[in-house]
There are 2 protein chains.
Amino acid sequence: MKPRVRTAVLVSGGGTNLQAIIDKSAEGAIPSAEIVVVISDREGVYALERADKAGIPSEVVPFKETGRGEFERRLAAALESRGVEMIVLAGFMRILSADFTAHYPNRILNIHPSLIPSFCGEGFYGLKVHKAALDYGVKVTGATVHFVNEIPDGGRIIMQKAVYIDDNDTPETLQKRVMREAEWVIYPEAIEKAASEIRRSK
Amino acid sequence: MKPRVRTAVLVSGGGTNLQAIIDKSAEGAIPSAEIVVVISDREGVYALERADKAGIPSEVVPFKETGRGEFERRLAAALESRGVEMIVLAGFMRILSADFTAHYPNRILNIHPSLIPSFCGEGFYGLKVHKAALDYGVKVTGATVHFVNEIPDGGRIIMQKAVYIDDNDTPETLQKRVMREAEWVIYPEAIEKAASEIRRSK
C-alpha cells in the first residue's frame, strides 16, 4: 500500500473547517491523506489550539511582519522540511502568488462559500459572499472545493454542494448554514478524493 | 374569493414545460392561475397540440414574417382581448422588447436552465447553457424561474432548484435531467407563487 499523502492545513483564524477535517479524519473518512502539520500566518488563533488538541504539529509562519515574499519562502521551507505533498487552505486569509501555486499544480485545495462561478473572485470572501448572494436574490447557494491556481477561485472544481436560502436568512445565518450543510460535509470528501488521486499517481 | 389570474403561456416548440404546467394545473396544484390561452410565434409546433388536447384555446401570432414590432403589437392585442394578467414563457424563443416587458412588470415569468447568475444572459439558451456548465466543470447546476424585465435573465428570481452533475453527463443528458428534476418541478410552483401574489393584490 502506498503511503498516505502528506498534507498541510493552512489557517488564519478559528479553524472550523480544520475541525471538520480533523473529525472526519479521526473517523477514518480520509484514509488517503495524513495531516502532518497545521500552519497559521498569525499567532494565537484558535485553529492552533485545535491542532494541539488533535495531536497535530503546528507552526506559525508570520505574514504581516514580513510581507508575502518572505512569508512564502518560509512557508515553502516549512512544507519541504516536512515532505508536504498537498496543501489544504482552511480559512487561510492570504492570497498565494502565482509563483507559489505553480509549484503545487493540483496540489492546493481551497473552499469557497458559494457555487462558483457565482459570487467568487477577488473581493468575495467571508460574509461578503453571502451578502452578495442575498442582495442578488438567489434561492440556492452552496460551497465549492477547488484546486488553487493563479486565478482567484479559478482552479478546477472538485466538489460542490447546494444550500437552499430561507426567506428570512441574513448573511450571518446563511454563512452558518452553508458551513454546516455544505463546507464541513464536502471539504473532507474532496480532500479524500484529491489525495486518493495523488496517491494513485505516486 | 377573487377570480383566478388570467394567464397566457407563450411557446415556440415542443412545449414540455407547457405540459408540466397543464398537468399540475389539472391536479389542482396551481389554484391561483387559469391558463386562458397558449400563444405560439410559429405554426405547427407540438405545443399547440398539447393545448388542444387540454382544451385550452390557442393562437398563432407569427414573428418571422412580421418582425418584432408588428409581432408585439399583435401579441398585445391578443393578450388584451382575453384579459390576460400574467404571461408565462415556456420555451418561447423570442426576446421581448423593453417596451413590452415594461407593460407587464412582475407579470412575465421565464425559466432558465441554470442557477442564475451562472451561465445566463445573452447567447445562453438551450443546450448551450448545459455545454457551458460542463465546460466550466461545475458539479451543481439547476434551473431558475424569474420575472422578465429589460435585462436578459436579469429580473427578480422567484424559485431555483439544484441538480447535481454526473461525471459522464453530456449536454443532452444534463438538459433532460435538469428538465425532469428541476424545470417541471419548480415552474408550476413558481407560477402558483406569482399568481397568488397577483391575486392577493387585486
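Conventions we followed
Residues numbered from 1 in each chain as written. Chains lettered and ligands numbered in written order. Predicted model: local features only at pLDDT ≥ 70, side-chain atom pairs only at ≥ 80, totals over all residues. Heavy atoms only, no water. Helix = DSSP H or I, 4+ residues; strand = E, 2+ residues; numbered from the N terminus. Rg over C-alpha atoms; globule rule 2.2 N^0.38 Å. Buried < 20%, exposed > 50% of the residue type's maximum accessible area, 1.4 Å probe, protein only. Lys, Arg positive; Asp, Glu negative; His and termini not counted. Charge placed at Lys NZ, Arg CZ, Asp CG, Glu CD. Contact = heavy atoms within 4.5 Å. Buried area = accessible area lost by both parts, 1.4 Å probe. Salt bridge = Lys/Arg side-chain N within 4 Å of Asp/Glu carboxyl O. Nonpolar A, V, L, I, M, F, W, Y, C, P; charged D, E, K, R; others polar. Least-squares fit on C-alpha atoms with pLDDT ≥ 70 in both. Pairing = 2+ DSSP bridges. Axes fitted to C-alpha atoms, helices over the stretch in contact; angles between N-to-C directions. Parallel < 35°, antiparallel > 145°, perpendicular 65-115°, else oblique. Left-handed = near helix turned anticlockwise from the far one by under 90°. pLDDT = per-residue confidence, 0-100. Phe/Tyr/Trp six-rings, centres within 6.5 Å; stacked < 30°, edge-to-face > 60°.

Asks: It is not clear to me how the overall build of chain A should be interpreted in this structure. Could you clarify?
Replies: Along chain A, the regular secondary structure elements total 6 helices and 7 strands. Listed N to C, the secondary structure of chain A is β-α-β-α-β-α-β-α-β-α-β-β-α in terms of helices and strands. Relative to the compact-globule value of 17 Å for 202 residues, chain A shows a C-alpha radius of gyration of 16 Å, a close match. Expressed along its principal axes, the backbone C-alpha trace of chain A runs to roughly 50 × 40 × 30 Å. Among the 202 residues that make up chain A, the fraction classed as buried is 51%. Distance from the positive charge centre (26 side chains) to the negative charge centre (27 side chains) of chain A: 3 Å.

Asks: Would you mind going over the interface of chain A and chain B with me for this structure?
Replies: Note on interface size: it is often stated as the accessible area lost on association of the parts. Facing 17 residues of chain A, the contacting portion of chain B comprises 17 residues. A combined buried area of about 1,400 Å² lies between chain A and chain B, and 59% of that area is made up of carbon and sulfur atoms. Put simply, chain A and chain B have 0 salt bridges between them. Take the side of chain A that touches chain B: its biggest share by element is 7 residues, from strand β7 (residues 157–164) of chain A. Partitioned by chemical class, the residues of the side of chain A that touches chain B number 12 nonpolar, 3 polar and 2 charged.

Asks: Which parts of the structure should I look at to understand the relation of the copies chain A and chain B?
Replies: Two chain copies, one operation linking them: a rotation about an axis together with a shift along it. Each copy of the sequence occupies a distinct position, and chain A is placed on chain B by a rotation of 180 degrees and an axial shift of 0.0 Å, giving an RMSD of 0.0 Å. Taken together, the turn and the small shift mark the pair as related by a two-fold rotation axis. In terms of proximity to the rotation axis, the leading residue of chain A is Ser118 of chain A, whose C-alpha is 2.8 Å off the axis.

Asks: Explain the sheet that holds strand β4 (residues 86–89) of chain B to me, please; I cannot follow it from the model alone.
Replies: Within a sheet, each strand pairs with its neighbour through backbone hydrogen bonds, oriented either parallel or antiparallel. Residues and elements named next belong to chain B. What the 7 strands build is an open sheet, ordered β3-β2-β1-β4-β5-β6-β7; its pairing is mixed. Of all the strands in the sheet, the pair left with one neighbour each is β3 (58–60) and β7 (157–164). Pairs of neighbouring strands in the sheet enclose a mean axial angle of 20 degrees, with direction left out of account. Of the pairings in the sheet, the one linking strand β5 (residues 108–112) to strand β6 (residues 140–147) comprises 4 bridges and is antiparallel in character. By the bridge assignment, Leu109 is partnered in β6 with Phe147. Running over the sheet, helix α3 (residues 68–81) touches β1 (5–11), β2 (33–40), β3 and β4 and is turned about 150 degrees from β2.

Asks: I'm lost on the sheet that holds strand β2 (residues 33–40) of chain A in this one. Help?
Replies: All names here are of chain A. One open sheet accounts for 7 strands, arranged β3-β2-β1-β4-β5-β6-β7; its pairing is mixed. Each edge of the open sheet carries a strand with a single partner, namely β3 (58–60) and β7. Going across the sheet, the axis of each strand differs from the next one's by a mean of 20 degrees, ignoring polarity. The sheet strands contacting helix α3 (residues 68–81) are β1 (5–11), β2, β3 and β4 (86–89), and the helix crosses β2 at an angle near 150 degrees.

Asks: Can you walk me through the packing of helix α5 (residues 127–136) of chain A against helix α6 (residues 171–201) of chain A in this structure?
Replies: Each packed pair of helices is defined by two parameters, the angle between the axes and the distance between the axes. All names here are of chain A. One way to put it is that α5 packs onto α6 with a least axis distance of 9 Å and a crossing angle of 110 degrees. Put simply, α5 runs roughly perpendicular to α6. Between α5 and α6 lies a crossing of right-handed hand. Taking contact as the criterion, the partners of Leu127, His130, Lys131 and Leu134 in α5 are, on α6, Pro171, Glu172, Leu174, Gln175 and Val178. When its residues are assigned to classes, the contact of α5 with α6 shows 5 nonpolar, 2 polar and 2 charged.

Asks: What exactly am I supposed to notice about the confidence of the model for chain A here?
Replies: Across chain A, the average pLDDT comes to 96, with 100% of residues at or above 70. Predicted complex metrics record ipTM = 0.91 and pTM = 0.93.

Asks: Would you explain the packing of aromatic side chains in this entry?
Replies: Each aromatic ring pair is characterised by the separation of its centres together with the angle its planes make. Residues and elements named next belong to chain B. All chains considered together, the criterion is met by 8 aromatic pairs over all chains. Pairing Phe71 with Phe92 gives two aromatic rings, centres 6.1 Å apart and planes at 20 degrees, and the pair type is stacked. With a gap of 21 residues between them, Phe71 in helix α3 and Phe92 in the loop between β4 and α4 (98–102) connect regions that are remote in the sequence. Neither Phe71 nor Phe92 differs from the other in exposure class; each is buried.

Asks: Help me understand the pattern of salt bridges in this model?
Replies: Two side chains bearing opposite charge may form a pair once their charged atoms approach each other closely. What the rule picks out here adds up to 20 salt bridges over all chains. Across the pair Lys131 of chain A and Asp135 of chain A runs a salt bridge, and its minimum N-O distance is 2.8 Å. One end of the pair is Lys131 of chain A and the other is Asp135 of chain A, both in helix α5 and 4 residues apart, which spans about a single turn. Among the ionic pairs, Lys24 of chain B bridges to Glu27 of chain B, the shortest N-O distance being 3.6 Å. Take Lys24 of chain B: its relative accessible area is 31%, and that puts it in the partly exposed class. A relative accessible area of 59% places Glu27 of chain B in the exposed class.

Asks: How should I be thinking about the environment of Val5 of chain B in this particular structure?
Replies: Checked against the element boundaries, Val5 of chain B lands in strand β1. Placed 28 residues apart in sequence, Val5 of chain B and Ala33 of chain B show a C-alpha to C-alpha distance of 4.5 Å.

Asks: I tried to follow helix α1 (residues 16–26) of chain A on my own but got confused; where do I start?
Replies: Each α-helix turn comprises 3.6 residues. Residues three or four places apart therefore point the same way. Residue and element names in this part refer to chain A. Residues of α1 that are buried: Asn17, Leu18, Ala20, Ile21 and Ile22. Buried residues in α1 make contact with β1, β2, α2 (46–53), β4, β5 (108–112) and α6. Count one or two residues on from α1 and you reach Gly28, which has phi positive near 85 degrees.

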